Amino acid sequence: MKLGIAGGIGSGKSYVSQKIREYGYEVYDCDEAAKRLISTSPDIRQQFISLIGSDAYTADGQLNKPVVTNFLLASKANGKAINDIVHPAVFRDFEESGLQFMESAIMFESGIYKLVDRVLAVVAPKEVRIQRVMARDGISREKVLDWMDRQISQKELIQKSDFVIVNDGQTEIDKQLKKIIVQCNKQF
């Protein structure tokens, strides 16, 4: 059984993934995999250079983040073009990993939910999420709100998911997570 872990910025999906790791399971992190693949895959490198230009990577072979970010933010079409390169590579990498758990910030938006049997949504009150991200990333409230507005709403995430964990700083995570893992093991 494969379980996807989803949640908006500041919800605590990475915290829940860490808890799963503490139970002895490996968790595939889609964000980390994308970064790794962008840096190491010759195929992605060539596609980025064809799409963005030769300055997509620095002379020492590192991703030229300012150039790629400017390209990405220039239009929705540019963002889609980058996603059309990166997402299939991440999908293949996850399938080849053989792992049971996968964390993704864009589970439904990317379509990677199709590779898991069930999805677990990690949710938290909006103000809690805002404060977490401001403290973690040192960014303004407005920037956090803008980021949140670009993501699927928690309401929609809950509707599309099979399980929900409330990570509000008050509700015990372990109890919720263990119950879900037991349910999953019974279903498969």
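Below you will find a few notes about this structure. All values derive from a computational prediction rather than experimental measurement.

Another aspect to go through is the sheet that holds strand S4 (residues 118–123). Overall, parallel pairing links the five strands, which are arranged S2-S3-S1-S4-S5 in an open sheet. Strand pairing shows two members of the sheet lacking a second neighbour, strand S2 (27–29) and strand S5 (163–166), which therefore form its edges. Across the sheet, the axes of successive neighbouring strands diverge by a mean angle of 25°, strand direction being ignored. Two elements, strand S1 (residues 3–6) and S4, share four bridges in a ladder whose sense is parallel. Among the inter-strand pairings, Leu3 is bridged to a residue of S4, identified as Arg118. Packed onto the sheet, helix H5 (residues 76–97) meets S2 and strand S3 (101–104) and runs at close to 165° relative to S2.

Overall, the coordinates contain one cavity of 30 Å³ or more when judged by the stated rule. Taken as a whole, the largest cavity holds about 30 Å³ of empty space. Together, Ala6, Gly7, Ser104, Ala105, Met107, Phe108, Glu109, Ile152 and Leu157 line the largest cavity. Top element by residues in the lining of the largest cavity is helix H6 (residues 107–110). It accounts for three residues. Its residues assigned to classes, the lining of the largest cavity comprises six nonpolar, two polar and one charged.

Residue position: Ser110 is located in helix H6. Ser110 sits in the buried class, given a relative accessible area of 15%. Within the local environment of Ser110, its side chain forms a polar contact with the backbone nitrogen of Ile112, the two atoms lying 3.2 Å apart.

About the criteria used
- Residues numbered from 1 in each chain as written.
- Predicted model: local features only at pLDDT ≥ 70, side-chain atom pairs only at ≥ 80, totals over all residues.
- Heavy atoms only, no water.
- Pairing = 2+ DSSP bridges.
- Helix = DSSP H or I, 4+ residues; strand = E, 2+ residues; numbered from the N terminus.
- Axes fitted to C-alpha atoms, helices over the stretch in contact; angles between N-to-C directions.
- Contact = heavy atoms within 4.5 Å.
- 1 Å grid on protein atoms, 1.4 Å probe; cavity = no way out; pocket = protein on both sides within 12 Å on 5 of 7 lines; lining within 4 Å.
- Points joined across faces, edges and corners; volume = space filled by probe spheres on them.
- Nonpolar A, V, L, I, M, F, W, Y, C, P; charged D, E, K, R; others polar.
- Buried < 20%, exposed > 50% of the residue type's maximum accessible area, 1.4 Å probe, protein only.
- Polar contact = N/O pair within 3.5 Å; in protein donor to acceptor, adjacent residues only side chain to side chain.

Structural measurements only, silent on function.
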